[in-house]
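Below are the chains, spelled out letter by letter.
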Amino acid sequence: MSNPLYQRIYDVVRHIPRGCVATYGQVATVVGATTTAREVGEAMAALRDTQPTPPVPWQRVINAQGKVSTGPHQQHLLEQEGVVFNAKGHTDLQRFGWRGPDPAWAAAHGFALLNEVNTEKPQLDLFGR
């Protein structure tokens, strides 16, 4: 049986472009006010059992610290897309973070927009820019 919330989450994740990442919380924000980061994580974990069509680029969803959640394979997939990680396994969310869906697409499908990425606390300059 298909979970409608998971389908909405997958629709959002499919819009994260190659070479960009989004946090679980950002995906939850776009899906809707009552969706939690934990639910996004559960939806990503459910992909282990089945892969919907079109495919969901699950590797592009990472934690709020800018680190992968599932291990080296996820990081390797992201590096193949051009996402850079430092020696401690962090990526710069200001540089590689998704800025949210196209406003017209979001409005047409009942999704929210991201106002600003990571405004709660400034991202450390891990890459010496």
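Residues numbered from 1 in each chain as written. Predicted model: local features only at pLDDT ≥ 70, side-chain atom pairs only at ≥ 80, totals over all residues. Heavy atoms only, no water.

Asker: It is not clear to me how the environment of proline 52 should be interpreted in this structure. Could you clarify?
Answerer: When you line up the elements, proline 52 lands in the loop between helix H3 (37-46) and strand E2 (61-62). Residue proline 52 is classed as buried on the basis of its relative accessible area of 19%. Remark: the alpha-carbon pair of proline 52 and tyrosine 10, spanning 42 residues in sequence, is separated by 8.7 Å. Setting aside chain neighbours within four positions, we find proline 52 in contact with Tyr10, Arg14 and Leu47. (Helix = DSSP H or I, 4+ residues; strand = E, 2+ residues; numbered from the N terminus. Buried < 20%, exposed > 50% of the residue type's maximum accessible area, 1.4 Å probe, protein only. Contact = heavy atoms within 4.5 Å.)

Asker: Explain the packing of aromatic side chains here, please?
Answerer: Ring pairs (aromatic) are described by centroid distance and by the angle formed between their planes. Considering all chains together, one arrives at two aromatic pairs under this definition. With a centroid separation of 6.2 Å and 55° between ring planes, the pair formed by tyrosine 6 and tyrosine 10 is classed as tilted. Of this pair, tyrosine 6 and tyrosine 10 both sit in helix H1 (residues 4-13), four residues apart, which is roughly one turn of the helix. Ring geometry for tryptophan 105 and phenylalanine 111: centres 4.9 Å apart, planes at 10°, overall stacked. This pair shows no difference in class: tryptophan 105 is buried, exactly as phenylalanine 111 is. (Phe/Tyr/Trp six-rings, centres within 6.5 Å; stacked < 30°, edge-to-face > 60°.)

Asker: Could you clarify how one ought to interpret the nonpolar core in this entry?
Answerer: In a soluble, globular protein the nonpolar side chains are often hidden away together inside. Of all hydrophobic cores here, the largest spans 24 residues; its most connected members are Ile9, Val27 and Met44. For this core, the secondary structure elements donating two or more residues are H1, helix H2 (24-31), H3 and helix H6 (103-109). Contact partners of isoleucine 9, with chain neighbours within four places excluded, come to Val27, Val31, Thr35, Glu39, Val40, Ala43 and Met44. (Core = buried A, V, L, I, M, F, W, Y, C linked by side-chain atoms within 4.5 Å.)

Asker: It is not clear to me how the packing of H1 against H3 should be interpreted in this structure. Could you clarify?
Answerer: Two packed helices can be described by the angle between their axes and the distance between those axes. In the contact formed by H1 and H3, the axes pass within 10 Å of each other and the chain directions differ by 85°. The orientation of H1 relative to H3 falls into the category roughly perpendicular. Contacts between H1 and H3 involve Leu5, Tyr6, Ile9, Tyr10 and Val13 from the first element and Glu39, Val40, Glu42, Ala43, Met44 and Ala46 from the second. Each residue belonging to the contact of H1 with H3 can be placed in one class, and the counts come to nine nonpolar, no polar and two charged. (Axes fitted to C-alpha atoms, helices over the stretch in contact; angles between N-to-C directions. Parallel < 35°, antiparallel > 145°, perpendicular 65-115°, else oblique. Nonpolar A, V, L, I, M, F, W, Y, C, P; charged D, E, K, R; others polar.)

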